[in-house]
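# Structure assessment
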Amino acid sequence: MSGLLFLLLLLMAVTLNGSVQAIRIVEMQVPQIVEVGKTVHLACRFDLEGANLYSLNWWRGSEQFFQYSPSSADKIIVYESPGITVDKELSGRQAVVLRNISHASAGRYKCEVLADYPSFEKHSETTTMMVIDVPARKPKMSLSRLQWSPGEVLRANFITPAVRPPSDLHWYINGKRCLAQQLTLQARHQRKHVIVLFLPRSVSRSAAHTSSQTPAAACDSFVSATLSVSLSGSHFKPDTSGNV
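Below you will find a few notes about this structure.

Quick notes on the rules
- Residues numbered from 1 in each chain as written.
- Predicted model: local features only at pLDDT ≥ 70, side-chain atom pairs only at ≥ 80, totals over all residues.
- Heavy atoms only, no water.
- Helix = DSSP H or I, 4+ residues; strand = E, 2+ residues; numbered from the N terminus.
- Buried < 20%, exposed > 50% of the residue type's maximum accessible area, 1.4 Å probe, protein only.
- Contact = heavy atoms within 4.5 Å.
- Areas by Shrake-Rupley, 256 points an atom, 1.4 Å probe, with all protein chains shown as cover.
- Salt bridge = Lys/Arg side-chain N within 4 Å of Asp/Glu carboxyl O.
- Polar contact = N/O pair within 3.5 Å; in protein donor to acceptor, adjacent residues only side chain to side chain.
- Disulfide = S-S within 2.5 Å.
- Patch = residues over 30% accessible without salt bridge, like charges linked within 9 Å, V, L, I, M, F, W, Y side chains within 5 Å.

### Let's talk about the overall build of the protein chain
When helices and strands are counted, the protein chain shows one helix and 17 strands. Each of the 244 residues in the protein chain was classed as buried or not, and the buried ones make up 36%. Considering only residue pairs separated by 6 or more positions, the protein chain has 65% of its internal contacts joining residues 24 or more positions apart. As displayed, the protein chain has an accessible area near 14500 Å², and 53% of this comes from carbon and sulfur atoms.

Printed below as a string of structure tokens:
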């Protein structure tokens, strides 16, 4: 019995002495959404579990664009990749700085950590970065007139610079979304906007007020949307001012 116990203890000691703790990436910092022209900082926090770092590598898709090797003569190597401009002076083990972000910079980013001899273990994590336009010009809305009554046809036009990524445009009247058949959309690109019209019950004194979400970048193309809807009593809000 004592011989069996000794053998088990010996096997445990050999296993513990020969085991290698796995390296791991603790945190990967890549902004999810970035505006065109901005500078971003990529960071990868990792735990080597007592091992030495052989290299820290950054990839966008299948292309490597950065390598940090502390034991090499050239500690930092930057590889050419479309849409990737690395600030070599500000980049290293702690962070990688990318300047002049463009739509070509978007994609799937991977941080890869490789331990030194004898294990040469590696671990990687990936995440996605999206690049967007934010137009400098504000959208414009034009109305056929500023007062309506139930039974009349409301016509409105909305124009905004086209941006990326494209998305939908919606019209609302007093919180009610207009139907698709009431809209006409002409554009090469679309960006999500919410257009809200407030129609008071008393049309003798009020003008329509409009508001919109406005993302915007100076673009040559634009989105033009037209609303044409026959108004009913349900489109109007009661007048709580006391005026007739």
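### As for the pattern of salt bridges
Close approach of charged atoms allows side chains of opposite charge to pair. Per the stated rule, a full pass over the model turns up five salt bridges. Among the salt bridges present, the one from Asp47 reaches Arg24, with a minimum N-O distance of 3.8 Å. Separated by 23 residues along the polypeptide, Asp47 in strand E3 (residues 40-47) and Arg24 in strand E1 (residues 24-29) bring together distant segments of the chain. By relative accessible area, which is 42% here, Arg24 ends up partly exposed. Residue Arg24 pairs with Glu49 through a salt bridge whose shortest N-O separation is 3.8 Å. Of the two residues, Arg24 sits in strand E1 while Glu49 sits in the loop between E3 and strand E4 (53-60), which places them 25 residues apart along the sequence. Several salt bridges converge on common partners, so that one network encompasses Arg24, Asp47 and Glu49.

### With respect to the side chain of Ser69
Relative to the helices and strands, Ser69 is located in the loop between strand E5 (63-68) and strand E6 (76-78). By relative accessible area, which is 3% here, Ser69 ends up buried. There is a polar contact of 3.1 Å between the side chain of Ser69 and the side chain of Gln67. Not counting residues within four places of it along the chain, the set of residues in contact with Ser69 comprises Tyr54, Ser55, Asp74 and Lys75.

### What about the state of the cysteines?
Every disulfide links exactly two cysteines, by a covalent bond between their sulfur atoms. One pass over the full model with this rule turns up one disulfide. Note that Cys44 is cross-linked by a disulfide to Cys111, the S-S spacing being 2.1 Å. Looking along the S-S bond of the Cys44-Cys111 disulfide, the torsion reads about -110°, which is the left-handed sense. In this pair, Cys44 sits in strand E3 while Cys111 sits in strand E8 (residues 107-115), placing the two residues 67 residues apart along the sequence. Relative accessible area serves as the criterion here: at 4%, Cys44 is assigned to the buried category.

### A word on the environment of Tyr172
Tracing the backbone shows Tyr172 in strand E12 (residues 169-173). Measuring from C-alpha to C-alpha, the distance between Tyr172 and His235 comes to 9.9 Å, with 63 residues separating the pair along the chain.

### Focus on a nonpolar patch on the surface
Residues Tyr54, Tyr117 and Phe120 make up a contiguous nonpolar surface patch of about 360 Å² in total accessible area. Inspection of the secondary structure assignment puts Tyr54 in strand E4. According to the relative accessible area criterion, Tyr54 is partly exposed, its value standing at 36%.

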